[in-house]
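Coordinates in review
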Amino acid sequence: MQDGRHLAELLAHHRSYRTAYLDWAADHDYPEPAALHNYRRALVGWYETSMDPERPYRGDVLDYLTTVAAVYFGQPRSTEEVPLGNDPLQHLPHTITLDATGQQLLAQFESLPEDCRQLLLLADYHHLTPTALARALDDPDLATLHDQLEACRTRAGIDQPDYALHWPAVITLAGRKDLLSTLTKSPAPASPTTSATPTTPIPPPPPATQQPNNAPRQQLSPAILLAGLLFGVFLYLAYTTFGGTSTGSLYDRYFAPYPNIFADQPPQTDEERDLQRILYYYDRSDYRTAYDELLPTADAYPVAPLYLGVTALELDNPERAREWFKKIPADSPYRDAAEWYSALAQLAQGGAPIAIGGAKASIQQLANSPGHPYQTEAKQLLSDL
């Protein structure tokens, strides 16, 4: 079960890795439409393995996306050694083939009303906890929500023993189709060098006959009816509700983790090599481990409070993030970055007028600071507020 965080991460990855992935695809002469299709397929694979309670993938996300996409393109598998458990090839999405009974169950699922289908997808494919599901649908009555979910399962026929055995495969197949469709419709990041995501329909799985449903429609709550209509943008709503870094689309659009300072300049001392070791987790989005490892070094490295603050943002704690940014002295080379991320942290604190007002004032100050490395971003963000 998940609280929606994996959905939040999926949306963030869909935007943040797109440009790097397309650069990789261009280097391999893969046509962009096919590359984007396999990008979405690989993202769905990453999403499923990230939720695996027994063998989740915890390696580099971009490495997973390019490795799995290469497999989809028919590229020979690499024999390069990787850390145990971090080999993307050990976490490939499993192929699903439905027999006649599974096809019949899929047809029954697809003939359900939209609200029932989406409710079942949220519960049984995305594995949202009851509390997270209630929050996503703005329906605090867990008992009512449970009854509605069970009514939808009954209508799908999952209560029948033969169908129950096939249900995990059927809902996974349906979930993949729905998620691919949603990612296809999701807009690309705003960038002058990034082309728009094509809207070519995703090829369907093995055909299933769609059957009409003439049964009387059960009256579900308005929240669930609305959720069915809005599922095309549910990933955005899930990110703003549960995400580790955002409570609004503007924050999500402008936030990007501070880069690894050793990306261009290798460490020169034992202390720097120790910091580089810690940033291994940071680079791989394992922010909980990174935060725990960075914590004892807060006073040892001038850049540590900045990374602790950014990591706190990733862990959905903007208040704590701002405390770390305040620890960076005015003469520090990392002060400019701390000011930018502190302003974003205020934006991440939500819709309270005091938080938005404080964020706007901080961003205005940066926008009016000639020579500030984040002045351009601040001006753009200010125009969007």
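What counts and what doesn't
- Residues numbered from 1 in each chain as written.
- Predicted model: local features only at pLDDT ≥ 70, side-chain atom pairs only at ≥ 80, totals over all residues.
- Heavy atoms only, no water.
- Axes fitted to C-alpha atoms, helices over the stretch in contact; angles between N-to-C directions.
- Helix = DSSP H or I, 4+ residues; strand = E, 2+ residues; numbered from the N terminus.
- Parallel < 35°, antiparallel > 145°, perpendicular 65-115°, else oblique.
- Left-handed = near helix turned anticlockwise from the far one by under 90°.
- Contact = heavy atoms within 4.5 Å.
- Nonpolar A, V, L, I, M, F, W, Y, C, P; charged D, E, K, R; others polar.
- Core = buried A, V, L, I, M, F, W, Y, C linked by side-chain atoms within 4.5 Å.
- Buried < 20%, exposed > 50% of the residue type's maximum accessible area, 1.4 Å probe, protein only.
- Disulfide = S-S within 2.5 Å.
- Arc of directions from axis to C-beta.
- Salt bridge = Lys/Arg side-chain N within 4 Å of Asp/Glu carboxyl O.

Here's the deal with the packing of helix H3 (residues 32–50) against helix H9 (residues 161–185)
At a minimum axis separation of 10 Å, H3 and H9 run at an interaxial angle of 130 degrees. Judged by the inter-axis angle, H3 sits oblique to H9. Crossing hand, H3 versus H9: right-handed. On the side of H3, the interface is formed by Arg40, Arg41, Leu43, Val44, Tyr47 and Glu48, while H9 contributes Thr172, Arg176, Leu179, Leu180, Leu183 and Thr184. In terms of residue class, the contact of H3 with H9 is made up of six nonpolar, two polar and four charged.

Regarding the nonpolar core
Among the nonpolar cores identified, the biggest contains 56 residues, and Tyr47, Leu65, Phe109, Leu120, Leu133 and Trp167 are the most heavily contacted of them. Sort the elements by how many residues they give to this core and H9 lands first, with nine residues. Not counting chain neighbours up to four residues away, the residues in contact with Phe109 comprise Arg117, Leu120, Leu121, Trp167, Ile171 and Ala174. Counting 46 residues, the second largest nonpolar core, distinct from the first, contains Leu308, Trp324, Ala348 and Ala378.

Digging into the state of the cysteines
Tallied over the entire structure, the rule returns one disulfide. The partner cysteine of Cys116 in its disulfide is Cys152, sulfur to sulfur 2.1 Å. A torsion of -80 degrees about the S-S bond marks the disulfide between Cys116 and Cys152 as left-handed. Highlighted residues: Cys116 in helix H6 (residues 114–125) and Cys152 in helix H8 (residues 142–156), separated in sequence by 36 residues. Accessibility assignment for this pair places Cys116 and Cys152 in one class, buried.

Brief notes about helix H19 (residues 375–384)
The set of residues buried in H19 consists of Gln375, Ala378, Leu381 and Leu382. An end-on view of H19 places all buried positions within 125 degrees of arc, on one side of the element. Turned more than 90 degrees from where H19 packs its buried face, Thr376 and Ser383 sit exposed.

Re the packing of H6 against H8
At a minimum axis distance of 10 Å, the contact between H6 and H8 shows a crossing angle of 105 degrees. Taken together, the axes of H6 and H8 are roughly perpendicular relative to one another. Residues Cys116, Leu119, Leu120, Ala123 and Asp124 of H6 pack against Leu145, Gln148, Leu149, Cys152, Arg153 and Ala156 of H8. Taken together, the residues that form the contact of H6 with H8 break down as eight nonpolar, one polar and two charged.

Brief notes about the pattern of salt bridges
Between side chains of opposite charge, a pair can form as their charged atoms come close. Applying the stated rule across the entire model yields 10 salt bridges. The partner of Lys177 in a salt bridge is Glu110, and the shortest N-O contact between them spans 3.0 Å. You can see Lys177 sitting in helix H9 and its partner Glu110 sitting in helix H5 (residues 100–110), a full 67 residues away along the chain. Overall, Glu110 belongs to the buried group, its relative accessible area being 14%. Where Arg277 meets Glu293, a salt bridge forms, and the shortest distance between an N and an O atom there is 3.3 Å.

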